[in-house]
There are 2 protein chains.
Amino acid sequence: MSGRLTIIGLGPGDERYLTPEAHDALQAAEALYGYDAYLDRVPAREGQTRHASGNRVEGARAAAALDHAATGADVAMVSGGDPGVFAMAAAVCGEIEAGPQSWRTLDVVVVPGITAMLAVAARAGAPLGHDFCAMSLSDNLKPWDLIEQRLNAAASAGFVIALYNPISQARPWQLGQAFGCLSRHLAPSTPVVFGRAVGRSDEAVTVTNLGQANAIRADMATLVIVGSPETRVIARDGRAPLVYTPRAAAAVTA
Amino acid sequence: MSGRLTIIGLGPGDERYLTPEAHDALQAAEALYGYDAYLDRVPAREGQTRHASGNRVEGARAAAALDHAATGADVAMVSGGDPGVFAMAAAVCGEIEAGPQSWRTLDVVVVPGITAMLAVAARAGAPLGHDFCAMSLSDNLKPWDLIEQRLNAAASAGFVIALYNPISQARPWQLGQAFGCLSRHLAPSTPVVFGRAVGRSDEAVTVTNLGQANAIRADMATLVIVGSPETRVIARDGRAPLVYTPRAAAAVTA
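Residues numbered from 1 in each chain as written. Chains lettered and ligands numbered in written order. Predicted model: local features only at pLDDT ≥ 70, side-chain atom pairs only at ≥ 80, totals over all residues.

## A word on the environment of Val120(A)
All names here are of chain A. Note on placement: Val120 falls in helix α5 (residues 116-124). The sequence separation of Val120 and Gly199 amounts to 79 residues, and the corresponding C-alpha distance is 9.3 Å. Sequence-distant contacts of Val120, defined by excluding residues within four places in its chain, comprise Val193, Gly195, Val198, Val205, Leu223 and Ile225. (Helix = DSSP H or I, 4+ residues; strand = E, 2+ residues; numbered from the N terminus. Contact = placed C-beta atoms within 7 Å.)

Following this line, the structure appears as structure tokens:
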């Protein structure tokens, strides 16, 4: 009997964002694997084993889950946000490619979720309303030069830019340097959104601009959106401003 | 009393993708506005009025919903996928900016949804596992030259590229031309995913490569993902291949 590995996106952290497909997949699994902070979001169920691991062992976690599924079990890998966006689905695929042939016979299912940039964008208005890109600012797995090259390409071509993994204790300077890099292409008035922990009790979404954006406002739970030259801010008395990028674009102005 | 306009993402089309937040917002609304094909997905509820409109009247639809909300009503705008990605949230913001001051006093809420690229990527493996961009190929609202400039920038910087609105009866040549443009930067072996109607009964996801990608495989309901030089395909006996982009990147090879 062939086993199954389901890689499940929990969304940003509140049950209101958990799709019925993800809910059902969590219920069906015999065993749950995941980073401990994500597993903590899933209520315990009798007869279901739990295998928590730390933040930096994606490959080993994926291999352990694949090994377990290869015994014929129905195993789930739990991921925050969407598992396909800077998360566990690519790690699982990487282990399958490098691993034993038996892992290629497994039923591998990816269950999508609301990724952070969609949740943050929803809170701010519609900053991703036109062409945009998503980048990880972590230089643990790619050289910083490549990150700067992509920031330059994206900003000068007029993409809105969503920045995942903007900062951590081990990577304190990268976000500030990214703002500096983008400032060579974009005006100081370009809207910037910091979205932290959307959908959780400590949610905080702030709107500023590139000239005033301060990297120390961000932490590991923050998603940063930097507008394009087309992105606009609508001020509203007594309400948060709306940030949006119009569906129509005339030309690149940067 | 201030009215409310909630802009709701239904996801790709199956109830399994509808978040509890979106479900509750649909229930709460007194009136639903939307493109008729999206409204058709929402079960009727007694006492809730429905205001369907055609595919190309986003601005007028947004204005009508804002007018209705300004009477103090709880109004919902229904959108496919995520309302913030090439959809109604930006259209509503545009109308608010151009419209009467009273529209700025409304409670405007965006409810995120699973956007097409996440659903298609989940079916294929993890093609969006590293830096990527999302572009609309429609030149109704921006010049084609700008689209080519962005394709060139994204491909040469090593982004995976998700193409929304790849083709329609009125825009028959754009996707083929985009493949030609990308072929100047990317090898013929670069993986390409066509994902059509994911989560619906007529779902079809096919994996090919840039050298063999044929634009006539796409229609209005298709989302196309073009890999980066890092994107890989894992062949599996008796199963669909897995397409993924590793989390680690060494350098731009294009």
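## A few points about the environment of Leu210(B)
Residues and elements named next belong to chain B. You can see Leu210 is positioned in the loop between β10 (204-209) and β11 (222-226). Along the sequence, Leu210 and Val109 sit 101 residues apart, while their C-alpha atoms lie 40 Å from each other. Apart from the residues within four sequence positions on either side, Leu210 is in contact with Phe179, Leu182, Ser183, Leu186, Pro188, Thr190, Val192 and Val226.

## Looking at the packing of helix α6 (residues 144-156) of chain B against helix α7 (residues 174-183) of chain B
Packed helix pairs are characterised by how far apart their axes lie and by the angle those axes make with each other. Residue and element names in this part refer to chain B. At a minimum axis distance of 9 Å, the contact between α6 and α7 shows a crossing angle of 40°. With respect to α7, the axis of α6 lies oblique. Between α6 and α7 lies a crossing whose hand is right-handed. Residues Glu148, Leu151, Asn152 and Ala155 of α6 form the contact with α7, whose participating residues are Ala178, Cys181 and Leu182. Split by residue class, the contact of α6 with α7 holds 5 nonpolar, 1 polar and 1 charged. (Axes fitted to C-alpha atoms, helices over the stretch in contact; angles between N-to-C directions. Parallel < 35°, antiparallel > 145°, perpendicular 65-115°, else oblique. Left-handed = near helix turned anticlockwise from the far one by under 90°. Nonpolar A, V, L, I, M, F, W, Y, C, P; charged D, E, K, R; others polar.)

## Thoughts on unusual backbone geometry
All names here are of chain A. In this structure, Phe86 takes a positive phi of about 50° despite not being glycine. Relative to the assigned elements, Phe86 resides in the loop between β4 (74-79) and α4 (88-98). Even without being a glycine, Ala197 presents a positive backbone phi close to 55°. One can find Ala197 in the loop between β9 (191-196) and β10 (204-209).

## Quick look at the domain arrangement of chain A
Quite often, the size of an interface is put as the accessible area lost when its parts meet. Residues and elements named next belong to chain A. When cut into domains, chain A gives domain 1 (4-111) and domain 2 (116-244). On a C-alpha basis, the centroid separation for the pair domain 1 and domain 2 is 28 Å. For the side of domain 1 that touches domain 2, the residue count by class is 4 nonpolar, 2 polar and 2 charged. (Domains from an automatic or database assignment.)

## What about helix α1 (residues 20-28) of chain B?
Residue and element names in this part refer to chain B. Along α1, the positions that sit buried rather than exposed are Glu21, Ala22, Ala25 and Leu26. End-on, the buried residues of α1 take up no more than an arc of 135°, which puts them together on one face. Counted as exposed and oriented over 90 degrees from the buried face of α1: Gln27 and Ala28. Residues of α1 that are buried in the fold lie against β1 (4-9), β4 (74-79) and β5 (107-111). (Buried ≥ 20, exposed ≤ 12 C-beta atoms within 10 Å, placed from the backbone. Arc of directions from axis to C-beta.)

## Focus: the relation of the copies chain A and chain B
Between the two copies, chain A and chain B, the superposition gives an RMSD of 0.0 Å; the rotation angle is 180° and the shift along the axis is 0.0 Å. Such a combination of turn and shift is consistent with a two-fold rotation axis. Looking at the rotation axis and the C-alpha trace of chain A, the residue lying nearest is Cys133(A), at 1.9 Å. (Least-squares fit on C-alpha atoms with pLDDT ≥ 70 in both.)

## Section: the interface of chain A and chain B
Counting residues at the interface gives 62 residues for chain A and 62 residues for chain B. Examining the composition of the side of chain A that touches chain B, we find that 7 residues originate from one element, α4(A), more than from any other. Here the side of chain A that touches chain B is built from residues that sort into 38 nonpolar, 12 polar and 12 charged. Of the strand pairs in this sheet, strand β7 (residues 132-136) of chain A and strand β7 (residues 132-136) of chain B are connected by 3 bridges, and their pairing is antiparallel. Of the residues in β7(B), the one forming a bridge with Phe132(A) is Ala134(B). (Pairing = 2+ DSSP bridges.)

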